Each structure stands twice: as C-alpha cells, then as structure tokens.
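The primary structure of each chain is shown beneath.
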Amino acid sequence: RNLSLMPLFAAFAVVIVITACKKHEKTAITKELKAAKPKWIIPDTSEITDPEQAKLIKYGRSLIVNTSYYFGPKGVIAHKSNGLNCQNCHLNAGTRLDGNNFSVTAVGYPRFKERSGSVETIVKKVEDCFERSLNGSRIDSNSREMKAFVAYLKWIGKNVKKGTKPAGS
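A short tour of the structure in this document, coming up. Note that the coordinates shown come from a computational prediction; the quantities given were computed from them, not determined experimentally. Residue positions within a chain follow its written sequence, with the count starting from 1. With the structure being a predicted model, the display of local features is reserved for residues of pLDDT at least 70 and the display and counting of side-chain atom pairs for 80 or more, all residues being used for whole-chain, interface and lining totals. Excluding hydrogens and water, the side-chain figures rest on all heavy atoms present in the structure.

**Observations regarding a nonpolar patch on the surface**
Where we set the bar: Residues qualify for a patch when their relative accessible area is over 30% and they have no salt bridge, like charges being joined within 9 Å and the nonpolar side chains of Val, Leu, Ile, Met, Phe, Trp and Tyr within 5 Å. Values of accessible area rely on a 1.4 Å probe in the Shrake-Rupley scheme; residue burial ignores everything except the protein chains shown. Any Lys or Arg side-chain nitrogen located within 4 Å of an Asp or Glu carboxyl oxygen qualifies as a salt bridge. Secondary structure is summarised from DSSP: a helix means a run of H or I of at least four residues, a strand means a run of E of at least two, and numbering begins at the N terminus for each.
On the surface, a cluster of nonpolar side chains totalling about 300 Å² of accessible area is made up of Tyr-69, Val-76 and Ile-77. Tracing the chain through its elements places Val-76 in the loop between α3 (67–71) and α4 (91–94).

Right, dumping it as structure tokens:
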C-alpha cells in the first residue's frame, strides 16, 4: 500500500529540487547582471563652478519639480500643460533609482526615433513630453526655460558614459 505512493513522492521531490535549482540559477544571473551594470553617481550642485551655469541648472530642476506652477493651467510663465509636474513621472526630479530617472537622457540624444522617423534631439524630447505626457503644447525651444531643462538633464547625467545604462535606470 505505501509502495503505491512512492512514485508520487519521488515526482514531488524532483519538482522541488528543480524549482530550487532554477531559483538559485535566476538569483545568480540577477546578481551577475547587477554587478556588471555601472552605478549612477548623481552629481552634487556644489560641484558646479560656473555661477551662471549653476543658476540655469537649479532653475531647470525647479522647472522639473514645479512644472505646473510655471506652465500649468494657471502657469506664471504660460499655459502649456495639464497641471502635472515632470516629477510626477520622473521621481525626485528625475534622480530616484528605478523611478524613471534622467540618468541616461543626455547621453541618449541625439538618436533615431521610430515614431517620428527622424533623428531627434534632447530639445525635441522635452517638447514631446510637454505635448504627450503633459497633454499640452511645446515651449519655445530657444527660451531660457528650455535651456534650463536641457542644462539640468545634461548635468544630472554627466557621470554616465554613452552606451552604458546604470543600474536603476
């Protein structure tokens, strides 16, 4: 009677062993991939030596954090967006790991985009965010605000090498 259950117990034991091995293998591969990815070092504003550049970068961060204040339905600069802030999608002004951060934004442009069928710049990326994500309209590509957005995006990703993707990006 007990012998009739033996194949069932053996099959159960095999399933447990295979599952444990796969889990161990997956963990080992995940650790290996994480070790291979560079760490993103978020720059410190105290590193900015040029006072004018510092103002522009800090203004860019303020625009990311307070987009609605500047460009929302009651924006102090213009009505260009739906009232969301950039950091609603890009957490902590685009600096949070695994938070849709800006680590690779600057080194990722210019690049070919399937949607438009053309090579796009970082300025075009910001314009697309205003039009699509913020359900609004473009800001002037030559404005101080666009220059601040671009300065911030370039500064925030300054420690990332082209062709790399830091962990958490």
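So that's the structure; there's more coming.
**Thoughts on the nonpolar core**
Threshold: Working definition of a nonpolar core: buried Ala, Val, Leu, Ile, Met, Phe, Trp, Tyr and Cys residues. They are joined through side-chain atoms within 4.5 Å. Only protein chains enter the accessibility calculation, which uses a 1.4 Å probe. A residue is then buried if its area is under 20% of the maximum for its type, exposed if over 50%, and partly exposed in between. In what follows, a contact means two residues having at least one pair of non-hydrogen atoms within 4.5 Å.
If you look at the biggest cluster of nonpolar residues, it comprises 32 residues, and the most contacted ones within it are Leu-63, Ile-64, Phe-71, Phe-130, Phe-149 and Tyr-152. When contributions to this core are tallied by element, the ones reaching two or more residues are α2 (51–65), α3, α5 (122–133) and α6 (144–156). Of the residues forming this core, the biggest block, nine residues, is contributed by α6. Residues contacting Phe-149, with those up to four places away along its chain left out, are Gly-60, Leu-63, Ile-64, Phe-71, Cys-86, Val-126, Phe-130 and Ile-139.

**Some thoughts on α2**
The test is simple: Here the expected span of a helix is defined as 1.5 Å times the quantity of residues minus one. By the criterion applied in these results, polar contacts are pairs of N or O atoms within 3.5 Å in which, for protein atoms, one can donate a hydrogen and the other can accept it, and in which residues neighboring in sequence qualify only through two side-chain atoms.
A rise of 1.5 Å per residue sets the reference length of α2, with its 15 residues, at 21 Å; its end C-alpha atoms lie 21 Å apart and thus fit the reference within 8%. Against the buried residues of α2 lie α3, α4 and α6. The residue sitting at the N-terminus of α2 and contributing the capping side-chain oxygen is Asp-50; that oxygen lies 3.0 Å from the backbone nitrogen of Glu-52.

**What to know about the side chain of Thr-67**
The topology assignment puts Thr-67 in helix α3. By relative accessible area, which is 0% here, Thr-67 ends up buried. The contact partners of Thr-67, leaving out residues within four places of it in the chain, are Ser-62, Gly-72, Leu-84, Asn-85, Cys-86, Phe-130 and Leu-134.

**Concerning the environment of Gly-72**
Structurally, Gly-72 is set in the loop between α3 and α4. Setting aside anything within four residues of it in sequence, one finds Gly-72 in contact with Thr-67, Ala-78, His-79, Lys-80, Ser-81 and Gly-83.

**What to know about the packing of α2 against α6**
Using the following cut-off: Inter-axis angles, ranging from 0 to 180 degrees, are taken between N-to-C directions of lines fitted to C-alpha atoms, where helices are fitted over the stretch in contact. Note on angle classes: values under 35 degrees are labelled roughly parallel, values over 145 roughly antiparallel, values of 65 to 115 roughly perpendicular, and the remainder oblique. Nonpolar residues are Ala, Val, Leu, Ile, Met, Phe, Trp, Tyr, Cys and Pro. Charged residues are Asp, Glu, Lys and Arg, and all others, Gly as well, are polar.
Contact geometry for α2 and α6: axes closest at 7 Å, N-to-C directions at 95 degrees. The angle between the axes of α2 and α6 places the two elements in the roughly perpendicular class. Taken together, the residues of α6 that come into contact with α2 (itself represented by Gln-53, Leu-56, Ile-57, Tyr-59, Gly-60, Arg-61, Leu-63 and Ile-64) are Arg-144, Glu-145, Lys-147, Ala-148, Phe-149, Ala-151, Tyr-152 and Trp-155. Among the residues forming the contact of α2 with α6, the class breakdown is 10 nonpolar, two polar and four charged.

**Some remarks on unusual backbone geometry**
Tyr-109 connects to Pro-110 through a cis peptide bond whose omega is 0 degrees. One non-glycine residue, Asn-92, lies in the positive phi region at around 50 degrees. With respect to the element layout, Asn-92 can be found in helix α4. Even without a glycine there, the phi angle at Asn-135 is positive, about 50 degrees. Looking at the secondary structure, you find Asn-135 in the loop between α5 and α6.

**Structural notes on the side chain of Ser-81**
Checked against the element boundaries, Ser-81 lands in the loop between α3 and α4. Here Ser-81 falls in the buried class, since its relative accessible area comes to 2%. Leave out the neighbours within four places in its chain, and Ser-81 touches Phe-71, Gly-72, Pro-73, Leu-134 and Gly-136.

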